[in-house]
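Listed here are the chains, written in short residue letters.
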Amino acid sequence: MNVITNNQLKCTIALSSLLKVMDPEIGLNIVDLGLVYQIDFNEEDKILYCMITLTTQFCPMGDSILLAAKEALQTAFEEYSIHIELTFDPAWNHKMLSDFGKEFLNQL
Amino acid sequence: MDSTFVSKTNNKTTTWKVVLPFYGYGALSFLIASFLLVCSTNNITQHYFQPNTLAIVHLMALGWGTMVILGASHQLVPVLIEQELYSNKLGYLSFCLAAIGIPLLVYGFYIFDMGWPSKWGGRLIILAIIVYLFNIAKSMSMRKQENIHTVFLITATIWLLLTAIIGLMLIYNFTYPLMPLNSTDYLPLHAHIGIIGWFLLLVMGVGSKLIPMFLISKYSNNKLLWLIFSLVNIGLLIFICIFLYSSNTLFFVFPIFSIALAVVLFVFYCYNSYQNRVRKKVDKQMKLTLLSILMMVIPIIFLIVIILLFIFQNDNELIIISYGFIIFFGWITAIIFGMTFKTLPFIIWNKVYHLLAGKGVTPNPIELFNHTIFKYMALSYLFGFILFTIGLIINYQPIILIGSILLLICSILYNWNIIMLLIHKPVKK
């Protein structure tokens, strides 16, 4: 799934930092799971907006995943304030998995 | 720089403080029930209506099955209905009422005193169910969209309440004639409303959401779930009508057919979810859960045999006892094993490592319990269950005793892992 962004280069850096954030139940990172919908950068106010979903609403691990995502982005973009928005519109489904994610789940 | 969550979407899950007491209580009840089973092997093959059997059955159904299910459901209801739990305090209250009521009821049965312990036990359990029902209904009322899983859950809880009310009436009927017949005559009605209305319907409602979710399955079929829901409820209503208003045993074939068809369709639903899964590897907790779904078919076969024996005027007490054993120590226990080790490690992980997320390498939730103990628990359970069932059917005491000892070992190992999980302290890798 393609991530919407207003800065492709910085988005790539952000995504590579989010590769460390795992869904502990599935054992796959949130980028390849397709949980990251949008990453925008407000250069004027130095704010990074990240829109994330979860595989299931009210997932018991949800807060931990969001916290880990915040930590990972903060480490990569120290000078930015990190704003993470949780959304379920659209709801996650298996079609959002990356090719690597599909392969990973197939081989597990 | 400040970091903020700008979350417009609510994802507030139920606190572990509500959920964990239910799991701990359930584990202890299973241990005590298994111990009582070992102590009762000499008289378990007599009539099912005797103190030890009544105490074990209620400890298994309420202390074990219902308490773990209630605990897990407090955690899973938000996932199921996509809406946060209305009140954590009501969750605590429900636990406290049931935690006091269940031992009173079981003690009353064990000493066969239908006086204050059983009556107060029954009253407190009914109150606990009402509090739970209110909490769930309020949580659901906050959600606008229709959801088949919520319909299963709320209907199952209503059946549970009805089961408990009938149970209390049966206790009163011992000392004050509330009902036209003896309390023992109503036991099949009380038991089947609980088993089918509560356990079966709940397992179907929760399983139909969680099994595809954990398997990451592409399959979903709400029409089939509605059909299953209708078949179970219509079957149960017909059963109640026949039980109360007809003396012809042959008529029981209709509700059995309806419920058996629902079970077969549910197995078909789970099979399709399994076949259409994106995640190819299935962990052992899920395998145990899927096995317990298959085990739903065994009590149905026993029920058909019991009805056939009744039709041919051959009242076989051992088959009836085996039927009850297969439900509580078989199907319900297997599903709880699967569910416990699928959900509890995540609840504990959230409790212990929540604030450490992203700050270092922490163990995976799956690493929080001992897998060797789990393996031996599963093996002792499997052999204990099979041996006990065979011993009951052929009425051979030594096999029953060996089976019960294996089940006791299984309950000790289960408790061992639960204690390890409950007292887990943070470990950074």
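Small disclaimer: the values here were computed from a predicted structure and weren't measured.

Criteria and cut-off values
- Residues numbered from 1 in each chain as written.
- Chains lettered and ligands numbered in written order.
- Predicted model: local features only at pLDDT ≥ 70, side-chain atom pairs only at ≥ 80, totals over all residues.
- Contact = placed C-beta atoms within 7 Å.
- Helix = DSSP H or I, 4+ residues; strand = E, 2+ residues; numbered from the N terminus.
- pLDDT = per-residue confidence, 0-100.
- Pairing = 2+ DSSP bridges.
- Right-handed = clockwise from strand over helix to strand, strands pointing away.
- Expected span 1.5 Å × (residues − 1).
- Bend = angle between axes of the 7 residues up to and from the residue.
- Buried ≥ 20, exposed ≤ 12 C-beta atoms within 10 Å, placed from the backbone.
- Axes fitted to C-alpha atoms, helices over the stretch in contact; angles between N-to-C directions.
- Parallel < 35°, antiparallel > 145°, perpendicular 65-115°, else oblique.
- Left-handed = near helix turned anticlockwise from the far one by under 90°.
- Core = buried A, V, L, I, M, F, W, Y, C linked by C-beta atoms within 7 Å.

Peer 1: I keep staring at the interface of chain A and chain B and nothing clicks. Help me out?
Peer 2: One frequently used descriptor of interface size is the decrease in accessible area upon assembly of the parts. With 34 residues of chain A at the interface, the matching set in chain B holds 33 residues. Elements with a contribution of two residues or more to the side of chain A that touches chain B: helix H3 (62-76), strand E6 (81-86) and helix H4 (99-107) of chain A.

Peer 1: How do you make sense of the confidence of the model for chain B when you look at a structure like this?
Peer 2: Caution is warranted with low-pLDDT regions, since their predicted coordinates should not be read in detail. All names here are of chain B. Across chain B, the average pLDDT comes to 88, with 95% of residues at 70 or higher. At the low end of the mean pLDDT range in chain B sits strand E1 (residues 4-5), at 48; at the high end sits helix H7 (residues 222-245), at 96. Throughout residues 1-6 the model reports pLDDT below 50, and contacts reaching past four residues in sequence, or to other chains, amount to 15 contacts. For this predicted complex, the interface score ipTM comes out at 0.80, alongside a pTM of 0.88.

Peer 1: How should the pairing of E6(A) be read in this particular structure?
Peer 2: Along a regular strand, successive side chains alternate from one face of the sheet to the other. All names here are of chain A. Bridging between strand E5 (residues 47-52) and E6 involves 6 bridges; their strand directions are parallel. The partner of leucine 48 across the bridge, within E6, is isoleucine 82. Crossover E5 to E6 through H3 is right-handed.

Peer 1: Just checking my understanding: could you explain helix H11 (residues 317-353) of chain B for this structure?
Peer 2: Residues and elements named next belong to chain B. Relative to the 54 Å expected for 37 residues at 1.5 Å per residue, H11 spans 52 Å between its end C-alpha atoms, a close match to the ideal helical length. Along H11, the helix axis deviates most sharply at threonine 333, where the bend reaches about 35°. The element H11 is largely enclosed, with a buried count of 30 among its 37 residues.

Peer 1: Even after reading the chapter, I still don't get the environment of B:Leu170, so can you show me in this structure?
Peer 2: Residues and elements named next belong to chain B. Structurally, leucine 170 can be placed in helix H5 (residues 148-175). Taking the C-alpha atoms as reference, leucine 170 lies 9.6 Å from methionine 114; in sequence the two are 56 residues apart. In this structure, leucine 170 is in contact with Ser183, Tyr186 and His190, ignoring residues within four places of it in sequence.

Peer 1: Honestly, unusual backbone geometry in this entry has me stumped. Any pointers?
Peer 2: With the exception of glycine, most residues fall at negative phi, and the peptide bonds are largely trans. Residues and elements named next belong to chain A. Of note, the bond from aspartate 89 into proline 90 is cis; its omega dihedral lies within 30 degrees of zero at 5°. The topology assignment puts proline 90 in the loop between E6 and H4. Positive phi values are uncommon outside glycine, yet lysine 46 reaches one of about 55°. Within the fold, lysine 46 resides in the loop between strand E4 (36-42) and E5.

Peer 1: I would appreciate a short explanation of the packing of helix H1 (residues 16-39) of chain B against H11(B) in the present structure.
Peer 2: Two quantities define a packed helix pair, namely the angle between the axes and the distance from one axis to the other. Residues and elements named next belong to chain B. Look at H1 against H11: their axes get within 11 Å of each other, and the N-to-C directions meet at 140°. Our classification of the angle between H1 and H11 gives oblique. Of the two possible hands of crossing, H1 and H11 adopt the one that is left-handed. For the pair formed by H1 and H11, the contact residues are Trp16, Val19, Leu20 and Tyr23 on the first element and Thr340, Leu344, Ile347, Asn350 and Lys351 on the second.

Peer 1: When you look at the nonpolar core in this model, what are you seeing that I'm missing?
Peer 2: Considering soluble globular proteins, one finds that nonpolar side chains tend to be buried as a cluster. Counting residues in hydrophobic clusters, the biggest one holds 167 residues, and the most contacted among them are A:Ala69, B:Ile125 and B:Leu202. Sort the elements by how many residues they give to this core and H11(B) lands first, with 20 residues. Residues within four places of B:Ile125 in sequence aside, it is in contact with B:Leu62, B:Ala98, B:Gly101, B:Ile102, B:Leu105 and B:Ala164.

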